[in-house]
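Below, each chain spelled out in residue letters.
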Amino acid sequence: MRMVHKEIDLHERRQIEQLLNAKATIAQIAVILGRHRSSIYREIKRNRFEDEELPVLNGYYGMTAQQKASERRSRRRKLVRLPHLLAAVLEGFEAGWSPEQIAGRMRHEGSALSICHETIYAYVYSREGQSEELARYLPERRRKRKPRSARKPRGNVFPLETSIHNRPDTINDRSQFGNWEGDLMIFERAQGPANVATLVERKTRYTVLLRNNDRKSLPLMNRLINEMSPLPTEARRSITFDRGFEFTSWRELDKGMGTKAWFCDPQAPWQKGAVENMNRRVRRYLPRDAQLLMLTNQYMRLICQRLNGTPRKCLGYRTPAELFGEELRKLG
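Draft legend 1. Representation of the sheet that holds strand E3 (residues 207-212) in the model. Read from one edge of the open sheet, 5 strands run E3-E2-E1-E4-E5, paired in mixed fashion. Two strands in the sheet have a free side with no partner beyond their single neighbour: E3 and strand E5 (260-263). Here the average twist between neighbouring strands, direction ignored, is 25 degrees. Here strand E1 (residues 179-186) runs beside strand E4 (residues 238-241); their pairing, made up of 3 bridges, is parallel.

Right, here's the structure in full:
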């Protein structure tokens, strides 16, 4: 029989306070309350009173713990209670913003209702957020949030020397051909791991779309190598990614075809604005509920042809296909 989860209430918190004062151990308190000892440990750690100026007062108090728990629960439910605030958050998600960017922008605009990015994360991973599959909007796209103790710096995976801030000026100002931006478009859960990799050449805005049946990093990198290797070396100098798990095998690009990888700052997708903008254009043809496995390779090529054959204001109303062809001819 499945047990129903029941949150610790005020009566139990008062019991915990009394038992701690009586020098009872965590295990003993858990037995008396009929709780798992990890639940008691977590309760004391989360709702303990701390005062830096008067540390002698530090400790666990039932009423204080109840108040802290209630405030935390209220923050978590803020997006449930206020539909218009939730609508603003969803609008930010649709625009490709992270929870930090959404919350920060609200504060910048002096919104009457502000929100903390942790509250947004809590809602995304709540029962309501999971039913709406909101985790797909997050940069790392996890279905379940990692415990804080498990959130480790990823400096070894994406070392400082690969930071976008160390990227040469010839890439930043788009004067050099052969530097790309890459991203992964995610679709509804019904499509399984199927996805579409988007590549945009920064100078010409030429776009390549690659359909994949796997979100693991190594297969994705191998796919990029297979597709881009036929290009001249000068036409595939580098690719700029975000720090998603899909790109952790980036070293394979240099090994396989001599292509350098650069990485945006954490939760900073606007730093690869060309591919983010292209993703929004691609969504006209590949909405989130698109049945990727049913689409033909010819259909994917037609999308690319339409995108690359469209005049762009930033290119003086020339098309990406025209400019990309010119650059290739210059390489001989």
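Draft legend 2. Quick look at the environment of Lys255. Tracing the chain through its elements places Lys255 in helix H12 (residues 251-257). For Lys255, a relative accessible area of 65% corresponds to the exposed category. Lys255 sits 30 residues away from Ile225 along the chain, and the two C-alpha atoms are 9.7 Å apart.

Draft legend 3. The arrangement of the confidence of the model for the chain in detail. Here the chain averages 86 in pLDDT, and 92% of its residues register 70 or above. In this model residues 148-154 is a low-confidence stretch, pLDDT under 50, and it forms 9 contacts with partners more than four residues away in sequence or in other chains.

Draft legend 4. Structural view of the packing of aromatic side chains. Inspection of the entire model under this criterion finds 8 aromatic pairs. Residues Trp180 and Phe324 carry aromatic rings whose centres are separated by 5.9 Å and whose planes lie at 70 degrees to one another, so their mutual orientation is edge-to-face. With Trp180 in strand E1 and Phe324 in helix H15 (residues 320-330), the pair connects residues that are 144 residues apart, well separated along the chain. No difference in accessibility class separates Trp180 from Phe324, as the two residues are buried. By way of ring pairs, the aromatic residues Phe158, Phe241, Phe247, Trp250 and Phe263 are connected into one cluster. Taking the ring centre of Trp262 as reference, the NZ or CZ of Lys260 above it sits at 4.7 Å. The ring of Phe187 carries Arg283 above its face, with NZ or CZ at 4.7 Å from the centroid.

Rules used throughout
Numbering of residues starts from 1 in every chain and runs along the sequence as written. Predicted model: local features are reported for residues with pLDDT of at least 70 only, side-chain atom pairs are reported and counted for 80 or more only, and whole-chain, interface and lining totals are derived from all residues. Excluded from the side-chain calculation are hydrogens and water; included are all heavy atoms of the structure. When DSSP finds two or more bridges between two strands, those strands count as paired. Starting at the N terminus, helices and strands are each numbered in turn, a helix being any DSSP run of H or I of at least four residues and a strand any DSSP run of E of at least two. Throughout, an axis means a line fitted to C-alpha atoms (over the contacting stretch in the case of helices), and angles, computed between N-to-C directions, take values from 0 to 180 degrees. Working definition: with a 1.4 Å probe on protein chains only, accessible area under 20% of the residue-type maximum means buried, over 50% means exposed, and in between means partly exposed. Known as pLDDT, the predictor's confidence for each residue is given on a scale from 0 to 100. Should any heavy atoms of two residues lie within 4.5 Å, those residues are considered in contact. Here a pair means two rings of Phe, Tyr or Trp (six-membered ring of Trp) with centres within 6.5 Å. Their orientation is stacked below 30 degrees between planes, edge-to-face above 60, and tilted elsewhere. The rule for a charge over a ring is simple: NZ of Lys or CZ of Arg within 6 Å of the ring centre, and within 35 degrees of the ring normal.

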